[in-house]
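Breakdown of the fold
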Amino acid sequence: MTIPLLEVQDLQTVFHTEEGAWPAVSDIDIRLEAGEILGLVGESGSGKSVTGFSIFGMIDAPGEVTQGRVLFKGQDLRELSAESMRKLRGDRIAMIFQDPLMTLNPVLRIEEQMLEAIDAHQKLPKAQALQRCVEALAMVGIPAPEKRLRSYPHEFSGGMRQRVAIAIAMLNRPDLIICDEPTTALDVTIQGQILYRMQQICQAQGTALIWITHDLGVIAELADRVAVMYGGRIVETGTVAEVLDAPRHPYTQGLLNSLPAQATPGERLTQINGMAPSLSGRVPGCAFAPRCGRATPRCVDEQPPVTTIPGRAFRCFVPLEAPAA
Amino acid sequence: MMQPDKPLMTIDPSKRAQPLQDTPQRRAILKKLRSKPSVKGAVIALVLLLAVVLLAPFLSPQNPYDLGALDLMDGRLKPMSEAASGMTYWLGTDDQGRDMLSAILHGLRISLMVGLSAVVLATIIGSLVGLVAAYFGGWVDTVLMRIVDFILGFPTILVALVLLAILGRGVDKVVIAIVMVQWAHYARIMRGRALQERKKEYIEAAKNLGFPGWRIMTRHLLPNCMGPVMVFATIQIANAIVLEATLSFLGVGVPITEPSLGLLIANGFQYLMSGDYWISMFPGLALLALILSINLIGDRLREALDPRK
Amino acid sequence: MTAMTTPVIELRDVHKRFVSAPDLLQKIVGAVARQPAQTRTVHAVNGVNLQIAKGEVLGLVGESGCGKSTLGRVVAGLHPATEGQLLYKGQDVSGLGGQDKLAYTLGVQMVFQDPQASLNPRQKLHQILGEALHVHKLAPAAEVPGRVDAALAEVGLASEYRARLPHQISGGQRQRIGIARALMVTPEFLVCDEPVAALDVSIQAQVINLFMDLRAQRGLTYLFISHDLGVVRHISDKVAIMYLGKIVEMAPTAEIFGQAQHPYTQALLAEVPDVGRRKRVFTPIKGEIPSPLNPPPGCTFHPRCPHAMERCKQEVPRLRETSAGHVTACHLLD
């Protein structure tokens, strides 16, 4: 049996304040095969972005990754030196952010930024490097790529900038790309174009994706597997069909039910009352318990352990019924 | 009526999860977090400064403005000399027989008064102009900003010299001279901020609710634009003090009978070469210390006022 | 069935243009460089006709740059229309003065998109809510605290919240305060500009329910602007699709979602992420959304339209009734 491309075990990241270290995410277990697309779904405060940054090694003070292993092709990233990690980033693992201007330097031409991204990891003759840049831009659908190389980021529209950011991420043919809400700020038709490109690239190059979002619809259409996060923990995971058609965790069910698309027009939507707790406002047990219609006192005091069926897992003392076999 | 926004289960606050107290890097991280300078130290320094300055008349051994109390025979005495009356001249005397310590304390007082009042006045005038220009836009903005540009085109000292030549000497005239040029800076800063803030939706909401223009300007726009102006003002206090010192040094600021630090330094200049260093040096050091403290306090306050709540 | 009652809001051929004329310096530079500085015009709203009847919810859908937010602000009176007429309860708004003008200003209220920017960060919640009552003397001072508490309760917030500042409450709660503030002046018409776009999914459901409850209880009429077709479908009676300043299709909700006729509407519907679809093969629409500074000639959608004909590049299609209550602007349907 081959080792998975990425295996995260028992990851915990905390944020330090005077009162103590509040766990932003805990007990994170993720398993990703080569070429697989995993959707990491959650609302604000669920810890989905912190998870992505923790895997990528980008947690800075006052944050700290305190526990767990991040096994990339069998190697624990947390044990690597800063220099070794730097070599991996941009080469084998890349990251795309919600705001493309986090990737793109507004005062440098695209050409310089792309050449720099290649140069940091391998020495290619300039002509060859330029050729690769042009190919990358063409692959994300930028028209007249040779000319656009000389442009500055502000000369592109929002959707185009994001595509350039994706092209940069793809330059060195990474094995894994972590995408933190890359299409949230974009219009629906532009989002469609970007999802199309991502799908093409992943199928052509066998790149694995972790797609972080709050939009269940995008995950449904794009991903193979999904992990639902709430209050810093993964509360449910499985294939997209399993989780979205037959959720076991009450939060997943509540989320699906509250979508307007799932409701009859004109009728009240099923809503989840209350709001997600802040880092310091969680209960010792299941973070969703205060809002959960099925919660028992045990749910508040005790953290539910993971119930695992092959390929499927959830954390709940009072899960929903399994679908009839 | 909608159900109040209560979670389905009320959780006793004491039953909340507790944070971790021990992690591999907690100590290092906390050290970094705590090293951020606190505002408390700065405020204490400020209060001390203000106290010394306000209490100057009571603290100083001698009233340096009372010409009758001065004894020319006591002129140019070294620090720690004794006076005929038994008083110790801790920092020596100047050529008029004035106790340097008392003169410095009073001089500090004048410097601080000038600095603070010039800044307060310039802030009020400049903020008003900037606010009106930003809120009304159009030709109002154009006219006001061209005036601001015009004034900013003149070097402050030059304008101050001309104004003081016209107005005569005196602490209040110095303040007026400083304000007449400085307000333009505040106007620009306020206008820049107000232009940004004016586009925000709570201003649109206020218009949508039919509030009159002056109310939107003063109740909604102004309080949210004070930040950068306050930051600038704290820097400008030191500048105003230096400006006053310069003008007095040049002989156009305060009258000779009520010397400020600048004038004291000027007075002592001629004696530097003959070895009576204390007449210039101590006022100079005092001025330096004052500017340094104000800048440090200003730095701390700026960090505290930083909008990254 | 003809509507005998006057629509609450009516727009007749409304245009809104933003002109940036070159200033003196730009003109000088232009003269020197022999490239005259251009006056740039953004045609944000380009000839819109609308009627919204009392109690109706019109959903206005479009992407960035389509002009829907500008249109909303024109309706609310925050931007005066450059051309055309806006009628409130049958009266032309530009001719109103005094009490009538105030009635219109307060009668059409707006709920904004960004919950954070739409509240004065320095005002406590009770001040935000009570201010309009004080300024317009809508209630005696002694009654104001009671009205504020009632408003808080109406949007589902406990009265302890009255002393808080906006940064001390969550995004969803801020949005509810924005709604409560609009309701304090008892408006008849609410322009909702992307009111749930900035909120989490589970909070969106709460706020959408709130909108629906308020409509039922207070008999309000809404112009509901959103890019989220799912939300629009749920709450609207009629839907209008906007592209680059023009309405390209308008029909009752079920018809738009069931029998969309305009190619842009069809593309939009196809692109909306659907939880029911799995492993979709994406076939997105081509091209970028054109800038409103430089709209394409003829039908502004033609560069991206899979069915574009020669005629589409030259002639602007007019909004025509293609079936009962359904209007579309497209040459394909002639």
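As shown above, the structure is provided for reference.
Here's what I pulled together on the structure shown here. (Residues numbered from 1 in each chain as written. Chains lettered and ligands numbered in written order. Predicted model: local features only at pLDDT ≥ 70, side-chain atom pairs only at ≥ 80, totals over all residues.)

**Digging into the packing of helix H6 (residues 158–170) of chain A against helix H7 (residues 188–205) of chain A**
Residues and elements named next belong to chain A. Which entries qualify depends on this criterion: Axes here refer to lines fitted to C-alpha atoms; in helices the fit is confined to the stretch in contact. Angles between the N-to-C directions go from 0 to 180 degrees. Helix and strand assignments follow DSSP, with helices taken as H or I runs no shorter than four residues and strands as E runs no shorter than two, numbered in order from the N terminus. Roughly parallel means an angle under 35 degrees; roughly antiparallel means over 145; roughly perpendicular covers 65 to 115; every other angle is labelled oblique. By definition, turning the near helix anticlockwise from the far helix through less than a right angle yields a left-handed crossing, and turning it clockwise yields a right-handed one. Placing C-beta atoms from the backbone, we regard two residues as in contact once those atoms come within 7 Å. Only Asp, Glu, Lys and Arg are considered charged in this grouping, and only Ala, Val, Leu, Ile, Met, Phe, Trp, Tyr, Cys and Pro are considered nonpolar; every other residue, Gly among them, is considered polar.
Packing of H6 against H7 leaves a shortest axis separation of 10 Å and a crossing angle of 15 degrees. One way to sum up the angle between H6 and H7 is to call them roughly parallel. The element H6 and its partner H7 pack so that their crossing is right-handed. Touching Gly159, Gln162, Arg163, Ile166 and Met170 of H6 are Ile190, Gln193, Ile194, Arg197, Met198 and Ile201, all from H7. Within the contact of H6 with H7, the residues separate by chemical class into six nonpolar, three polar and two charged.

**Details of the interface of chain A and chain C**
It is common to give the size of an interface as the accessible area that goes away when the parts come together. In this assembly, 37 residues from chain A lie in contact with 34 residues from chain C. Elements with a minimum of two residues in the side of chain A that touches chain C: H7, helix H8 (216–222), helix H9 (240–245) and helix H10 (250–257) of chain A. Considering every element that reaches the side of chain A that touches chain C, the biggest residue donor is H7(A), with seven residues. The residue inventory of the side of chain A that touches chain C, partitioned by class, reads 19 nonpolar, 13 polar and five charged.

**Some remarks on the interface of chain C and chain B**
At the junction of the two partners, chain C supplies 29 residues and chain B supplies 20 residues. If you list the elements that add at least two residues to the side of chain C that touches chain B, you get helix H3 (98–107), strand S6 (108–111), helix H4 (125–135), helix H5 (144–154) and helix H7 (201–218) of chain C. A per-element tally of the side of chain C that touches chain B places H3(C) first, with three residues. Here the residues of the side of chain C that touches chain B sort into 17 nonpolar, seven polar and five charged.

**Quick look at the sheet that holds strand S10 (residues 246–252) of chain C**
All names here are of chain C. Quick reminder of the rule: At least two bridges found by DSSP between two strands are what make those strands a pair.
Spatial ordering of the open sheet is given by S6-S7-S8-S3-S9-S10-S12-S11, a layout of eight strands whose pairing is mixed. Edge positions in the sheet fall to S6 and strand S11 (320–323), since each of these pairs with one other strand and no more. Each adjacent strand pair in this sheet contributes to an overall mean axis angle of 25 degrees, direction not counted. In terms of strand pairing, S6 meets strand S7 (residues 189–193) through four bridges, oriented parallel. The residue of S7 that forms the bridge with Val108 is Phe189.

**What to know about H6(A)**
Basically, it comes down to this: To estimate how far a helix should extend, the number of its residues minus one is multiplied by 1.5 Å. Residues are called buried when their C-beta atom has 20 or more other C-beta atoms within 10 Å, exposed when it has 12 or fewer, and partly exposed otherwise; all C-beta atoms are positioned from the backbone.
Between its terminal C-alpha atoms H6(A) stretches 19 Å, which fits the 18 Å expected from 13 residues at 1.5 Å a residue. Those residues of H6(A) that fall on the buried side of the exposure criterion are Gly159(A), Met160(A), Arg161(A), Gln162(A), Arg163(A), Val164(A), Ala165(A), Ile166(A), Ala167(A), Ile168(A), Ala169(A) and Met170(A).

**Digging into the nonpolar core**
Here is the rule we go by: Only buried Ala, Val, Leu, Ile, Met, Phe, Trp, Tyr and Cys residues enter a nonpolar core, and they are joined through C-beta atoms within 7 Å.
In this structure, Ile178(B), Leu223(C) and Phe224(C) are the most contacted members of the largest nonpolar core, which totals 161 residues. No other element matches the 17 residues that helix H4 (residues 100–136) of chain B contributes to this core. Non-local contacts of Phe224(C), meaning those with residues more than four positions away in its chain, are made with Val57(C), Leu58(C), Gly59(C), Leu60(C), Cys192(C), Val232(C), Ile235(C) and Ser236(C). Counting 96 residues, the second largest nonpolar core, distinct from the first, contains Ala21(A), Cys133(A), Met160(A) and Ala289(A).

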